[in-house]
Amino acid sequence: MSAIGHQAMEMRQCAFCGKRIAAHLNQCPFCREMVPQVRLSRTSSGAGRVQIRRGLLYTLLAGVIYYFAAGYAKPLEIPVTIQPAVIHYLAPLLFLSGLGLSLHGLIQKAKS
Ligand SMILES: [Zn+2]
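Residues numbered from 1 in each chain as written. Predicted model: local features only at pLDDT ≥ 70, side-chain atom pairs only at ≥ 80, totals over all residues.

**Some details on the overall build of the chain**
1) Next: Tallying secondary structure elements over the chain gives 3 helices and 2 strands in all.
2) Next: Reading the chain from its N terminus to its C terminus gives the helix and strand order α-β-β-α-α.
3) Next: Sorting the 112 residues of the chain into buried and exposed places 6% on the buried side.
4) Next: Relative to all contacts within the chain whose residues are 6 or more apart in sequence, the contacts with residues 24 or more apart total 51%. (Helix = DSSP H or I, 4+ residues; strand = E, 2+ residues; numbered from the N terminus. Buried ≥ 20, exposed ≤ 12 C-beta atoms within 10 Å, placed from the backbone. Contact = placed C-beta atoms within 7 Å.)

**Observations concerning unusual backbone geometry**
1) Next: The backbone phi angle of Arg32 is positive, close to 65 degrees, even though this residue is not glycine.
2) Next: Within the element layout of this structure, Arg32 appears in the loop between strand E2 (20–22) and helix H2 (42–69).
3) Next: Here Arg32 falls in the exposed class, since 9 other C-beta atoms lie within 10 Å of it.

**Digging into the confidence of the model for the chain**
1) Next: Residue-level pLDDT values for the chain average 84, and 83% of them are 70 or greater.
2) Next: Across the chain, the secondary-structure element scoring lowest on mean pLDDT is helix H1 (residues 3–9), at 54, and the one scoring highest is helix H3 (residues 84–111), at 93. (pLDDT = per-residue confidence, 0-100.)

**Some points on H3**
1) Next: In this model H3 runs 40 Å from its N-terminal to its C-terminal C-alpha over 28 residues, within 8% of the 40 Å that 1.5 Å per residue would give.
2) Next: Leu90 marks where H3 bends most, by close to 30 degrees; the proline Pro92 follows one to four residues later.
3) Next: Of all the positions in H3, only Ala91, Gly98, Ser102 and Gly105 are classed as buried. (Expected span 1.5 Å × (residues − 1). Bend = angle between axes of the 7 residues up to and from the residue.)

Below is the structure:
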């Protein structure tokens, strides 16, 4: 982006007099009104919920992988051979990672 575009992004309009002021200012230099800083706090409310959902999805995925790879679906068989490392290490690792991610989301949701 050009320098003009970058400069335009850091400017905002005063809510009282309509003149363009720098984004970091709390007070308008033209009309001396206090201009509140606009904070978009969308991440604080939605981040924890997204991570909980994603973590639970990973644990479910790990369960499905383990179920089919370890041979619990005995009449059904996957036509490819699965390395034992997937059953012993990767599926539990995915399960624990998903559990940790959902716990992290829970903590983040509780903090906000
Ligand atoms: Zn103003």
